[in-house]
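# Remarks on the overall topology
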Amino acid sequence: VQLVESGGGLVQPGGSLRLSCAGSGFTFSNYGMSWYRQAPGKEREKVAGISNDGRNTNYADSVKGRFTISRDNAKNTVYLQMNRLEPEDTAVYYCYAVSFWRYWGQGTQVTVSS
């Protein structure tokens with residue numbers, strides 16, 4: 001089983017990034033998917049989630065209206081479109097798959113700085 005995130009990097013405040021998480025080794029379409037983040041010295045927090053069929057999504061208050069989670073089950077991939085990024089969004093971003101089993105990705109660094 002693998003979850004591989006990509007798309008992180010350094011971006012200026014107000015900029016955008018799109019994270020991707022590709023899953024393999026499990027039936028991706030059976031799993032709810034989420035994005036979490038962890039900033040230095042802080043606990044890991046949930047940013048957004050999406051149901052296995054993509055019909056239902058939820059967001060942390062801090063990112064509502066700026067971030068969008070989506071998925072493509074044909075590609076076994078979940079995305080996080082992040083717009084209007086703020087320095088407070090700086091963190092390692094992880095994807096998380098949950099059904100009967102639970103899996104974490106290795107994380108991708110997002111740094112928002114001028």
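Residue positions are given per chain, counting from 1 as you read along its sequence in written order. Owing to the predicted nature of the model, reporting of local features is limited to residues with pLDDT of at least 70; listing and counting of side-chain atom pairs is limited to 80 or more, with chain, interface and lining totals taken over all residues. For side-chain calculations, the full set of non-hydrogen atoms in the structure is used, while hydrogens and water are omitted.

### Let's talk about the side chain of T77
Our working rule: Counting from the N terminus, the helices are DSSP H or I runs at least four residues long and the strands are E runs at least two residues long. Note on classification: 1.4 Å probe, protein chains only; a residue is buried when its accessible area is under 20% of the maximum for its type, exposed when over 50%, partly exposed between these limits. Polar contacts, as used here, are pairs of N or O atoms within 3.5 Å; protein pairs need one atom able to donate a hydrogen and one able to accept it. Residues neighboring in sequence count only if both atoms are side-chain atoms. In what follows, residue pairs with any heavy atoms lying within 4.5 Å of each other are defined as contacts.
Positionally, T77 belongs in strand 8 (residues 77–82). On the basis of relative accessibility, which here comes to 9%, the residue T77 falls in the buried class. One polar contact links the side chain of T77 to the main-chain carbonyl oxygen of K75, over a distance of 2.8 Å. Contact partners of T77, with chain neighbours within four places excluded, come to S20, C21, A22, F28, R71 and D72.

### Description of the nonpolar core
This is how the line gets drawn: What makes a nonpolar core is a set of buried Ala, Val, Leu, Ile, Met, Phe, Trp, Tyr and Cys residues whose side-chain atoms join them at distances within 4.5 Å.
Counting residues in hydrophobic clusters, the biggest one holds 29 residues, and the most contacted among them are M33, W35, L80, M82 and Y93. Those elements that provide at least two residues to this core are strand 3 (17–24), strand 4 (32–38), strand 5 (45–50), strand 7 (67–72), strand 8, strand 9 (91–98) and strand 11 (108–112). The element that contributes the greatest number of residues to this core is strand 9, accounting for 4 residues. Apart from residues lying up to four places away in sequence, Y93 is in contact with E5, L19, W35, Y36, R37, V47, F67, L80, M82, G107, T108 and V110.

### Re the pattern of salt bridges
Let me state the cut-off plainly: One speaks of a salt bridge when a side-chain nitrogen belonging to Lys or Arg is within 4 Å of a carboxyl oxygen belonging to Asp or Glu.
Following the criterion strictly, the structure yields 6 salt bridges and no others. Across the pair E45 and R37 runs a salt bridge whose closest N-O atoms are separated by 2.7 Å. A relative accessible area of 34% places E45 in the partly exposed class.

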